[in-house]
Amino acid sequence: MSFMDKLKNKFKKTDTEGVSEKYKTGMEKTRNSFSSKINDLIAKYRKVDEDFFEELEEALISADVGVMTVMDLIDELKLEVKRRNIKDTKEVRDVISEKLVEIYYGDDNESIEKLELNENQLSIILVVGVNGAGKTTSIGKLAHNLKQEGKHVILAAGDTFRAGAIEQLEVWGERAGVEVVKQREGSDPAAVIFDGIKAAKSRKADVLICDTAGRLQNKVNLMNELAKVRRVIEREVPGAPHEVLLVLDATTGQNALSQAKTFSEAANVSGIVLTKLDGTAKGGIVLAIRHELQIPVKFVGLGEGMEDLQEFDAHAFVYGLFADMLETSEDEE
Amino acid sequence: MAFEGLADRLQHTIKKITGKGKVSEQDVKEMTREVRLALLEADVNFKVVKDLIKRIKERSIGQEVMESLTPGQQVIKVVKEELTALMGGEQSKIAVADRSPTVIMMVGLQGAGKTTTTGKLANLLRKKYNRSPLLVACDIYRPAAINQLETLGKQLDMPVFSMGTDVSPIEIATKAIEKAKAEHQDYVIIDTAGRLHVDQNLMDELQEIKANVKPDEIFLVVDAMTGQDAVNVAESFNDQLDISGVVLTKLDGDTRGGAALSIKAVTGKPIKFAGMGEKLDQLEVFHPERMASRILGMGDVLTLIEKAQANVDEKQAKELEEKMRTMSFTFDDFLEQMGQVKKMGPLEDLLTMMPGANKVKGLKNVQIDEKQLSHVEAIVQSMTKQERQDPSIMNANRKKRIAKGSGTSVSQVNRLLKQFDEMKKMMKQMTNMQKGKKGKGFKFPFM
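What counts and what doesn't
- Residues numbered from 1 in each chain as written.
- Chains lettered and ligands numbered in written order.
- Predicted model: local features only at pLDDT ≥ 70, side-chain atom pairs only at ≥ 80, totals over all residues.
- Heavy atoms only, no water.
- Helix = DSSP H or I, 4+ residues; strand = E, 2+ residues; numbered from the N terminus.
- Buried < 20%, exposed > 50% of the residue type's maximum accessible area, 1.4 Å probe, protein only.
- Contact = heavy atoms within 4.5 Å.
- Salt bridge = Lys/Arg side-chain N within 4 Å of Asp/Glu carboxyl O.
- Pairing = 2+ DSSP bridges.
- Axes fitted to C-alpha atoms, helices over the stretch in contact; angles between N-to-C directions.
- Phe/Tyr/Trp six-rings, centres within 6.5 Å; stacked < 30°, edge-to-face > 60°.
- Buried area = accessible area lost by both parts, 1.4 Å probe.
- Polar contact = N/O pair within 3.5 Å; in protein donor to acceptor, adjacent residues only side chain to side chain.
- 1 Å grid on protein atoms, 1.4 Å probe; cavity = no way out; pocket = protein on both sides within 12 Å on 5 of 7 lines; lining within 4 Å.
- Points joined across faces, edges and corners; volume = space filled by probe spheres on them.
- Nonpolar A, V, L, I, M, F, W, Y, C, P; charged D, E, K, R; others polar.
- Expected span 1.5 Å × (residues − 1).

Enquirer: Explain the overall build of chain B to me, please; I cannot follow it from the model alone.
Expert: Looking only at helices and strands, chain B has 20 helices and 8 strands in total. Taking all 447 residues of chain B together, the buried fraction comes to 52%. A separation of at least 24 residues holds for 74% of the contacts in chain B among residues at least 6 apart in sequence.

Enquirer: Explain the pattern of salt bridges here, please?
Expert: Pairing of side chains with opposite charge becomes possible as their charged atoms draw close. Residue and element names in this part refer to chain B. All told, the structure shown has 27 salt bridges over all chains when counted by the stated rule. A salt bridge links lysine 272 to glutamate 217, with the shortest nitrogen-to-oxygen separation between them at 3.2 Å. Residue lysine 272 is found in strand S7 (residues 271–275), and its partner glutamate 217 is found in strand S5 (residues 217–223); the two are separated by 55 residues along the sequence. Grouping residues by exposure puts lysine 272 and glutamate 217 together as buried. Among the salt bridges present, the one from aspartate 242 reaches lysine 269, with a minimum N-O distance of 2.7 Å. Taken together, the residues aspartate 242 in the loop between helix H10 (230–241) and strand S6 (245–249) and lysine 269 in the loop between helix H11 (259–267) and S7 connect sequence positions 27 residues apart.

Enquirer: What is the right way to look at the sheet that holds strand S3 (residues 160–161) of chain B in this model?
Expert: All names here are of chain B. In spatial order, the strands read S3-S2-S4-S1-S5-S6-S7-S8; together these 8 strands make up an open sheet with mixed pairing. A strand with exactly one partner marks an edge of an open sheet, and here the two such strands are S3 and strand S8 (283–285). Bridge count for strand S2 (residues 133–138) against S3 is 2 bridges, and the pairing is parallel. By the bridge assignment, leucine 135 is partnered in S3 with valine 160. Here helix H6 (residues 114–129) sits on the sheet and contacts strand S1 (102–108), S2, strand S4 (187–192), S5, S6, S7 and S8; the angle it forms with S4, its principal contact strand, is near 170°. Against the sheet, helix H8 (residues 169–182) makes contact with S1, S2, S3 and S4, and its axis sits at roughly 165° relative to S2, the strand it touches most.

Enquirer: Would you take a moment to explain the packing of aromatic side chains for this structure?
Expert: Remark: the centre distance and the inter-plane angle together describe each pair of aromatic rings, the angle taken between the planes. Residues and elements named next belong to chain B. Taken as a whole and judged by the stated rule, the model has 2 aromatic pairs over all chains. Taking 6.2 Å as the distance between ring centres and 85° as the angle between the ring planes, the aromatic pair formed by phenylalanine 219 and phenylalanine 273 counts as edge-to-face. Of this pair, phenylalanine 219 sits in strand S5 while phenylalanine 273 sits in strand S7; the two residues are 54 residues apart in sequence, bridging distant segments of the chain. Comparing phenylalanine 219 with phenylalanine 273 shows no difference in burial state: the two are buried. Between phenylalanine 331 and phenylalanine 420 the ring centres are 3.9 Å apart and the planes differ by 20°, which places this aromatic pair in the stacked class. Highlighted residues: phenylalanine 331 in helix H15 (residues 331–343) and phenylalanine 420 in helix H20 (residues 410–433), separated in sequence by 89 residues. Taken as a pair, phenylalanine 331 and phenylalanine 420 share a single burial class, namely buried.

Enquirer: When you look at the interface of chain A and chain B in this model, what are you seeing that I'm missing?
Expert: Accessible area lost on assembly of the parts is the figure often given for the size of an interface. In this complex, chain A contributes 47 residues to the contact, which on the side of chain B involves 40 residues. Of the roughly 3800 Å² buried where chain A meets chain B, counting both sides, 57% is carbon and sulfur surface. Inspection of the region where chain A meets chain B yields 3 salt bridges. For A:Glu57, the salt bridge identified is with B:Arg36, shortest N-O distance 2.7 Å. Across the contact surface, chain A and chain B share 14 residue pairs in polar contact (both at pLDDT 80 or more). Elements that contribute at least two residues to the side of chain A that touches chain B include exactly helix H5 (50–61), helix H6 (67–83), helix H9 (165–176), helix H11 (220–236) and helix H12 (255–267) of chain A.

Enquirer: Just checking my understanding: could you explain the side chain of B:Arg195 for this structure?
Expert: Residues and elements named next belong to chain B. On the secondary structure map, arginine 195 appears in the loop between S4 and helix H9 (200–213). Reaching out from arginine 195, the side chain makes a polar contact with the side chain of glutamate 205 at a distance of 3.2 Å. Each residue touching arginine 195, except ones within four places of it in the same chain, is listed here: Gly108, Leu109, Gln110, Leu202, Met203, Glu205, Leu206 and Phe237.

Enquirer: What should I look at first to understand empty space enclosed by the protein in this one?
Expert: Empty space among the atoms can be located by rolling a probe the size of a water molecule over them. All names here are of chain B. The final tally for this structure, using the stated rule, is 5 cavities of 30 Å³ or more. Approximately 80 Å³ is the volume attributed to the second largest cavity. Ranked by the residues each element gives to the lining of the second largest cavity, the list is headed by S5, at 4 residues. Across the lining of the second largest cavity, the residue classes tally to 6 nonpolar, 3 polar and 2 charged.

Enquirer: So what exactly am I meant to see when it comes to the environment of B:Met383 here?
Expert: Residues and elements named next belong to chain B. The topology assignment puts methionine 383 in the loop between helix H17 (370–381) and helix H18 (385–389). Among the residues examined, methionine 383 registers a relative accessible area of 4% and is labelled buried. Considering only alpha carbons, one finds methionine 383 and arginine 401, 18 residues apart in sequence, at a separation of 8.6 Å.

Enquirer: Looking at this structure, how should I read the side chain of A:Gln310?
Expert: Residue and element names in this part refer to chain A. Note that glutamine 310 resides in strand S8 (residues 309–311). A residue is classified by how much of its surface remains accessible, and glutamine 310, at 13% relative accessible area, is buried. Reaching out from glutamine 310, the side chain makes a polar contact with the backbone oxygen of glutamate 307 at a distance of 3.2 Å.

Enquirer: Sorry, what's going on with H11(A) here?
Expert: Within an α-helix, residues lying three or four positions from one another point in the same direction, as the helix has 3.6 residues per turn. All names here are of chain A. Here H11 spans 25 Å end to end across 17 residues, near enough to the 24 Å set by a 1.5 Å rise per residue. Taken as a whole, H11 has its buried residues at Met223, Leu226, Ala227, Val229, Arg230, Val232 and Ile233. The inward-facing, buried residues of H11 abut strand S1 (123–128), helix H10 (189–202), strand S4 (207–210), strand S5 (243–249) and H12.

Enquirer: Looking at this structure, how should I read the sheet that holds strand S2 (residues 153–156) of chain A?
Expert: Two modes of strand pairing occur in sheets, parallel and antiparallel, and in both the strands are linked by backbone hydrogen bonds. All names here are of chain A. Spatially, the 8 strands line up as an open sheet ordered S3-S2-S4-S1-S5-S6-S7-S8, and their pairing is mixed. Single-partner strands in this sheet number two, and they are strand S3 (179–181) and S8. When strand polarity is set aside, the average angle formed by the axes of neighbouring strands in this sheet is 25°. Where S2 and S3 come together, 3 bridges link them in parallel fashion. Paired with isoleucine 154 across the strands is glutamate 179, a residue of S3. In the packing of H10 onto the sheet, the strands contacted are S1, S2, S3 and S4, and the crossing angle to S2 comes to about 165°.

This is the structure in structure tokens:
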């Protein structure tokens, strides 16, 4: 079975199991037209030549995969094509997707996307990101997911800066049916989170999710504040935070790499939540982030509903990138 | 170099051809390739890049460049002209309706910064144009969005109109205008919910609001960090609503902001304002030509000059120059000067605006700790008048007292004294030589 078939099968399987219902609707457009599109591209370029590669390059760039990553990928592809003496575009498609998945996974196994939480004691999740990425909303959805799994969840309203942020988290708390620990707007976020930890300990909660204010990564003071929050968590609960999730807007371009890097330096990010993937943006930059910084995507946001946070499926993701790429190619004809 | 700025990249390439007597077609090709990569890395949409490169190539290979005496300079000129032409001229005027109130609608994706920008725009309208805006909370979907706008209204001491989350945004907007008329508010700013451009139901809702309130301005609020998708977003919103302008937010981040070029190219609509920070007065007029020259690494000199002019009293500056010449520069003057620098805004901003600053090693990505500045200030303020006038009277006891008074240490005081001394020497050298060669690195004590 060729690689693309495997990928397709994998995708079909998830469909029928109904696990990724949202994935399906989120990427329906691309999925339906996939087989015809790939044939079109293959038909258009019988030969694997410079034009073919150029179009491929542009298509990947249009998915925000990133210039450097794309250049490397194209170079590798060219080499591979030469090595295997591939002349037919039909054969090259397997190589393309192979390489894309390879970029994502590197040498790691494929189980890196799971949330790493303690089984029988308190786990702490710290949620960070720039302004407007969707932190509070993602926390609401995550709380709901964990509650559904039967976990006792508490939220800490650590965004004490933005107007209305605490109220926003409270609404999500109500919807998900979980308690929210808060202080007044303008108070010290580290203190709120300290309170949250105390509450979580005394109520024997399974998971504490800490919200933080959005901050641009080049604001030194704010990044220092985040490092302090992390230190407070480390001090209060050994081994915590168990996850530090960077919330990333899928529409973000190359700056996402800088975000991932700087937030990691301040708070040691363990995973990414890729939000707003239900639009036309493809969030291809996570390939570069995974490739360069070894930070995996753990969840994707596919809508505004409570159920719209899904575990990341790299195969489906790469499939989506690839399918869309073919669509773009066709548009240009 | 993933984090290398667009400016660096172009400068590096341009350096290769500057000084060359003649530019070959191959040179131009090589350079446009670099320009292309740099633009793509800056998130300019690939289709926009393609057109731009084509034009640059055509002009560069033509007579204009190849037969000129300074081909390198010419190419830079061509690139800059093309970028500037693409960005368009400055347009920051806000519509004024013939009959009050003027209605402004804010639209955009989730998390772009609509609500914050609504507050900032209201503040600007009041401060700069002496208007009295009414803010309207039409985001009935996102939890606590109304609350957020109400809090901003309180901070600004401005009225906010809301009807809760159970009334349709169309009705809220319509009622708000009636209210503004009745209460003589001359501007109405409608904050709408964030939505995806492919969400047809919600896009229809915006069209309906538009049809009902007939806004004089529709601002599309876009995150400056947006990648390739910026064209899709801008195109959809523009097609469906015929927007009148764009507000680019989060430009105070370290993004290269190529989205600005993309949006302008696909919509043809002007980018009017730029969000430069989280505070409510940090909405600035967007200067397209300056953005273009910033992209080229020529520094945002104009902004710098403008800022300096606005904040530095010319008479004071003359006096200072006189003092520098006569060596009577004291700590009092120093304090005053620092105050003026601070008034111009964050030092990091000033540095990035300085031409060539991004080329100086160590200056690049420099993060000036504003706290350091206040330490320096505290030290000077803890000095007696006599000490400020004549630092040579300083002794151990005085230093100890100053350190205590300013909450710093004696070594910090010592360091400042030494730096001040060096600075004075530098000044002397500079004024003596006028167009002097570079000394051993002039440094402000707080850097």
